[in-house]
Amino acid sequence: MKNIKLSDSAIEKKLENLPDWDFYDDALHTDFEFDNFKDCMSAMNRIAFECEALNHHPEWTNVYNTLDITLTTHDVDGVTELDFKLAEAINKIVEVEA
């Protein structure tokens, strides 16, 4: 399946189902706060397995118990269905961790 950059209006519509995510700078963005560093790292490790399965990887940073995530598809310089698929998987993983 070829990645196709989604229009801003399509992205905004799809974000209605992902209230914890924002769209700016041609990317999806979110952040999560965990109880402690261990819980944050546990979630990151679980997300990493999903990223490998999808062969799609986030830009992310971690400081103690917080995780900032940016999703974009560099091949098209924007957001694709693959970014939304990963965002949905990340939300499921984080919900389980919480």
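Sequence positions are assigned chain by chain, starting from 1 and proceeding in written order. Residues qualify for local features only when their pLDDT is at least 70, as the model is predicted, and side-chain atom pairs are given and counted only at 80 or more; totals for whole chains, interfaces and linings, by contrast, use all residues. Neither water nor hydrogens contribute to the side-chain values; these are computed over all heavy atoms in the structure.

The chain is annotated in an unreviewed UniProt entry as Putative pterin-4-alpha-carbinolamine dehydratase from Polaribacter batillariae. The record in UniProt for the chain states the following under Sequence similarities (unreviewed entry): "Belongs to the pterin-4-alpha-carbinolamine dehydratase family." UniProt positions are given in the numbering used here, feature names are shortened, and annotations may be inferred rather than shown by experiment. The annotation that UniProt attaches to the chain under Catalytic activity (unreviewed entry) is "(4aS,6R)-4a-hydroxy-L-erythro-5,6,7,8-tetrahydrobiopterin = (6R)-L-erythro-6,7-dihydrobiopterin + H2O".

Asker: I would appreciate a short explanation of the packing of aromatic side chains in the present structure.
Answerer: By convention here, two paired aromatic rings are described through the distance between centres and the angle between planes. Stacked, tilted and edge-to-face are the three classes applied to pairs of Phe, Tyr and Trp rings, where Trp contributes its six-membered ring and a pair requires centres within 6.5 Å; stacked means planes under 30 degrees apart, edge-to-face means over 60, and tilted covers the rest. Overall, the coordinates contain zero aromatic pairs when judged by the stated rule. In our convention, an over-ring charge means Lys NZ or Arg CZ found within 6 Å of a ring centre and within 35 degrees of that ring's normal. It is K14 that lies over the ring of F84; its NZ or CZ is 5.3 Å from the centre.

Asker: What should I look at first to understand the sheet that holds strand β4 (residues 66-71) in this one?
Answerer: Paired through their backbone hydrogen bonds, the strands of a sheet run either parallel or antiparallel. When DSSP finds two or more bridges between a pair of strands, those strands are recorded as paired. Numbering of helices and strands starts at the N terminus; helices are DSSP runs of H or I of at least 4 residues and strands are runs of E of at least 2. Spatially, β1-β2-β4-β3 is the arrangement adopted by the four strands of the open sheet, whose pairing is antiparallel. A strand with exactly one partner marks an edge of an open sheet, and here the two such strands are β1 (22-24) and β3 (59-63). Across the sheet, the mean angle from the axis of one strand to that of its neighbour is 20°, orientation sign disregarded. Relative to strand β2 (residues 27-33), β1 runs antiparallel, the two being bridged by three bridges. Along β2, the bridge assignment pairs Y24 with A27. We call two residues in contact whenever any of their non-hydrogen atoms come within 4.5 Å of each other. Note on definitions: angles span 0 to 180 degrees between N-to-C directions of axes, and those axes are lines fitted to C-alpha atoms, for helices only across the stretch in contact. Across the face of the sheet, helix α1 (residues 8-15) comes into contact with β1 and β2 while running at roughly 165° to β1.

Asker: What should I look at first to understand the pairing of β3 in this one?
Answerer: Taken residue by residue, a regular strand's side chains alternate between the two faces of the sheet. With five bridges joining them, β3 and β4 adopt antiparallel strand pairing. The residue of β4 that forms the bridge with E59 is T70. Between β3 and β4, which pair antiparallel and follow one another directly, the connecting turn spans two residues, one of which, Y64, has a positive phi of 50°.

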